[in-house]
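What follows is each chain in one-letter form.
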Amino acid sequence: MNGKRALITGVTGQDGAYLAQLLLQKGYTVAGIVRRSSHAGVFDHRLKWLGIERDVELIDGNLIDLSSLIRIIQATKPDEIYNLAAQSFVTSSWQQPLLTGQVTGIGAANLLEAARSLVPQARYYQASTSEMFGLIQEQMQSESTPFYPRSPYGVAKLYAHWMTINYRESFGLHTSNGILFNHESPLRGVEFVTRKVTDSVARIKLGLAKELRLGNVDAKRDWGHAKDYVRAMWLMLQQETPDDYVIATGRTTTVRDMCEIAFRHVGLNTEDYLVIDPNLFRPAEVEVLLGNPAKAKAKLGWEAEIGLEAMIQEMVEADLARLKSKG
Ligand code: NDP
Ligand code: GDR
């Protein structure tokens, strides 16, 4: 034990699970906020997949309920707070724009406010996103690139991003934004494109599905591995001075080429199975994301270690194993 206490919102999500694992390895006492759900205990959650479900204290709460955040912060007195909770699926943010604003935007303000009044010495991490760049396509997007979000999700995240900076400047809190580009893993939700692809490829390989339906396969993303990216979150909070950092690999790939990697891994041809479905196109798209991680490398000593090919192959293998184990 290192004597430090961390509080993670969104601990049941992809990043929350990997971050909890990392902090436990470093000797932290880890608490996480979970939403009450009628499914609780029925579905295996990600902490269980990593074998750490008994090591994290799970506390009932909700980012949109300030009273629950106050109660949880009073009880846990965290040294570090990681705000990873969000309505994080871009497509859903057009279907539920107000909820997205409340959770992803105002939710962050609720947490900042609770932290300011109860634990002003705590260090705070905000899960910002490359979605905030949206329409702005520079050669490589960096900390100085302007923002032009293209979805209600991106707009909500931009509010949270600026509130995090504002609480740093107004109240002297140690608050940092990680502007993270897409990152994936076998724990990624199946609604996101990489996992949708690896799950479908595994199903096709096992004879459980016949096709893969996607929307805009020309979109380009800078994809890294979640395990690498949670390390960057922790590093930001170990700095003497709070700041904002782009976390990316510096390489961009089309959705189509990412599919190729998955199909090739199981010896199949993408063209035989890929169907373009116009219903899956978004009302407004972010066409290209490509991040410049130079500042993170220089100041945090951080670099992505796991490449796209290795990650997609790991995801396909995990999906094959998961499906086979279900019989
Ligand atoms: P996930 O969608 O996997 O996890 C989101 C988490 O937020 C879940 O634990 C979810 O709980 C929780 N949550 C949702 N609504 C609430 C609420 N009202 N109160 C409390 N908790 C809530 O996201 P990721 O792990 O992929 O991402 C982590 C964060 O980083 C998110 O904020 C995301 O927007 C941001 N981000 C992600 C990137 C990526 O590529 N993965 C890139 C850049 C930013 P439940 O299990 O109950 O649904
Ligand atoms: P994104 O991730 O929107 O970048 O947000 P997602 O994987 O959903 O989409 C990436 C790109 O793939 C295109 N696409 C499809 N996407 C999905 N989900 N399903 C499809 O069938 C499909 N077909 C094509 C999309 O149009 C898009 O261009 C993720 C989330 O984790 C956010 O929370 C995070 O902030 C950003 O990454 C950085």
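Throughout, residues of each chain are indexed from 1 in the direction in which the sequence is written. As a convention, the first chain written is A and the first ligand written is 1, with the rest following in written order. Restriction of local features to residues with pLDDT of at least 70 applies here, the model being predicted, together with a cutoff of 80 or more for giving and counting side-chain atom pairs; totals for whole chains, interfaces and linings are based on all residues.

*Asks:* Explain the site of ligand 1 to me, please; I cannot follow it from the model alone.
*Replies:* Throughout this description, a residue near a molecule or strand is one whose C-beta atom, derived from the backbone, lies within 6 Å of it. Every one of the 25 residues lining ligand 1 counts as a neighbour, but Gly 10, Gly 13, Ala 85, Ala 86 and Ala 127 are closest to it. Comment: elements are numbered from the N terminus, with helices defined as DSSP H or I runs of at least four residues and strands as E runs of at least two. Of all elements in the fold, only helix H1 (14-25) and strand E5 (123-129) reach the threshold of two or more residues within the shell around ligand 1. For the shell around ligand 1, the element with the highest residue contribution is H1, accounting for three residues.

*Asks:* Whenever I open this one, the site of ligand 2 confuses me. Can you help?
*Replies:* Val 90, Thr 129, Val 193, Gly 215 and Ala 219 are the nearest of the 21 residues found near ligand 2. Taken together, the residues of the shell around ligand 2 break down into nine nonpolar, six polar and six charged. Domain start and stop positions are those given by an automatic or database domain assignment. Residues lining the shell around ligand 2 come from more than one domain, with at least three contributed by each of domain 1 (5-183 + 224-247) and domain 2 (189-221 + 252-289 + 307-325). Under the convention adopted here, Pro, Cys and the residues Ala, Val, Leu, Ile, Met, Phe, Trp and Tyr are nonpolar, Asp, Glu, Lys and Arg are charged, and Gly plus all remaining residues are polar.

*Asks:* What am I meant to see in the environment of Arg 168 here?
*Replies:* Mapped onto the secondary structure, Arg 168 falls in helix H6 (residues 152-171). To sort residues by burial, count the other C-beta atoms lying within 10 Å of each one's C-beta; a count of 20 or more means buried, 12 or fewer means exposed, and anything in between means partly exposed. C-beta atoms are built from the backbone. For Arg 168, a count of 20 C-beta atoms within 10 Å gives the class buried. Sequence separation between Arg 168 and Gly 267 is 99 residues, and the spatial gap between their C-alpha atoms is 51 Å. We call two residues in contact when their backbone-placed C-beta atoms lie within 7 Å. Other than its neighbours up to four places away in sequence, Arg 168 contacts Leu 173, Thr 175 and Pro 242.

*Asks:* Whenever I open this one, the domain arrangement of the chain confuses me. Can you help?
*Replies:* Looking at the chain, the domain boundaries give domain 1 (5-183 + 224-247) and domain 2 (189-221 + 252-289 + 307-325). Distance between the C-alpha centres of domain 1 and domain 2: 27 Å. Each partner contributes residues to the interface: domain 1 has 15 residues there, and domain 2 has eleven residues. The residue makeup of the side of domain 1 that touches domain 2, split by class, is four nonpolar, nine polar and two charged.

*Asks:* I tried to follow the packing of H1 against helix H8 (residues 226-237) on my own but got confused; where do I start?
*Replies:* Helix packing for two helices is described by the angle between their axes and how far apart those axes are. Interaxial angle, 0 to 180 degrees, is taken between N-to-C directions of lines fitted to C-alpha atoms, where a helix line uses only the stretch in contact. Where H1 contacts H8, the axes come no closer than 9 Å and their chain directions differ by 65 degrees. The two elements H1 and H8 meet at a crossing, and its hand is right-handed. Residue-level inspection shows Gln 14, Asp 15, Tyr 18, Leu 19, Leu 22 and Leu 23 of H1 in contact with H8, the latter providing Ala 226, Lys 227, Tyr 229, Val 230, Arg 231, Met 233 and Trp 234. Of the residues belonging to the contact of H1 with H8, the class tally is nine nonpolar, one polar and three charged. Each crossing is labelled by how the near helix is turned from the far one, with a counterclockwise turn of less than a right angle marking it left-handed and a clockwise turn marking it right-handed.

*Asks:* Looking at this structure, how should I read the pairing of strand E6 (residues 174-180)?
*Replies:* Along E6, seven of the seven residues are buried, which leaves the element largely enclosed by surrounding structure. Side chains His 174, Ser 176, Gly 178 and Leu 180 project from E6 onto one buried face, and the interleaved Thr 175, Asn 177 and Ile 179 project onto a second face that is buried too. Pairing between strands requires that DSSP locate at least two bridges from one strand to the other. Bridge count between E5 and E6: seven bridges; the pairing is parallel. Bridge pairing in E6 places Arg 123 opposite His 174.

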